[in-house]
Amino acid sequence: LWALSPLLILHGMLINCLYAGQHELSHWTVFRTKGWNDVFGHVFGLATLNPFLTDRWAHFAHHRATQDPLKDSELIGMTPYTTARYILDLIAVDFWRRRIRSIVRAALGQGLDADYWREGNQRQMVIWEARGHVALWVLLAAGSVAFHSLAVVEFWLGPLLLTKVFH
C-alpha cells in the first residue's frame, strides 16, 4: 500500500475535487435536465461526504447573503479564528469534525433551527438525506467487517479525509 501512496494522494485530491462538480450540479448547469444534475449531485455528495440537497440550499442562502454574518450560511455560528483553530481548519481536522458532526446531528433532527432558508418540507428532506448518508456509512462499515476488508478506508475515506488540505 505504501508504494501506492502517490497514487492514493492524487486519488484523494480528485475525490475532493468532485465538490467543484457538485457545485455546478447544484446550479443545474452540467446537464440539460434538472433530473440528471440531481442524480449526479447526489452521487458526488455521497463521494465527498457532502449531502447534495443540504449543500444546494445552504449554498443558495450563501449567494443571497454573502458576508452577512447573521444570514450567510457559511458564516452562521462561526466564531473568530484563533491560531490553533486556523491551523486545525487549514489541515482539515476542524473541517471534517464540523462536517461529520453536522450530518450526524441532521440525521437526528438536531442543529437545523438556525437554517432560516429552508422552506416547506426541506427540513424533513435534509433529515432523510443525512439519515441516508449515515445508513450508507453503517452499511459500508458492516460490509468491511463482514469481508475483513479495509478497502473503503484505503481507497475512499482515507484519501478523501487526508487530502482535503489540497482542496
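Residues numbered from 1 in each chain as written. Predicted model: local features only at pLDDT ≥ 70, side-chain atom pairs only at ≥ 80, totals over all residues. Heavy atoms only, no water.

(A) Focus on the environment of Arg-64. As for its placement among the helices and strands, Arg-64 is situated in helix H3 (residues 52–64). Its relative accessible area of 58% is what places Arg-64 among the exposed residues. Separated by 53 residues in the primary sequence, Arg-64 and Trp-117 place their C-alpha atoms 9.9 Å from one another. (Helix = DSSP H or I, 4+ residues; strand = E, 2+ residues; numbered from the N terminus. Buried < 20%, exposed > 50% of the residue type's maximum accessible area, 1.4 Å probe, protein only.)

(B) Quick peek at the pattern of salt bridges. For the structure shown, the criterion picks out 6 salt bridges. Measuring nitrogen to oxygen at the nearest pair gives 2.7 Å for the salt bridge that ties Arg-56 to Asp-38. Here Asp-38 lies in helix H2 (residues 34–47) and Arg-56 lies in helix H3, a separation of 18 residues in the sequence. The partner of Arg-97 in a salt bridge is Asp-94, with the nearest N and O atoms 2.9 Å apart. (Salt bridge = Lys/Arg side-chain N within 4 Å of Asp/Glu carboxyl O.)

(C) Inspection of the packing of helix H1 (residues 5–26) against helix H7 (residues 151–162) at higher detail. Taken N-terminus to C-terminus, the directions of H1 and H7 make an angle of 70°; their axes are 8 Å apart at the nearest point. By the criterion of interaxial angle, the relationship of H1 to H7 is roughly perpendicular. Crossing of H1 over H7 shows right-handed handedness. In this structure, H1 contributes Leu-8, His-11, Gly-12, Ile-15 and Asn-16 to the contact, and H7 contributes Glu-154, Phe-155, Trp-156, Pro-159 and Leu-160. When grouped by side-chain class, the residues that make up the contact of H1 with H7 number 6 nonpolar, 3 polar and 1 charged. (Axes fitted to C-alpha atoms, helices over the stretch in contact; angles between N-to-C directions. Parallel < 35°, antiparallel > 145°, perpendicular 65-115°, else oblique. Left-handed = near helix turned anticlockwise from the far one by under 90°. Contact = heavy atoms within 4.5 Å. Nonpolar A, V, L, I, M, F, W, Y, C, P; charged D, E, K, R; others polar.)

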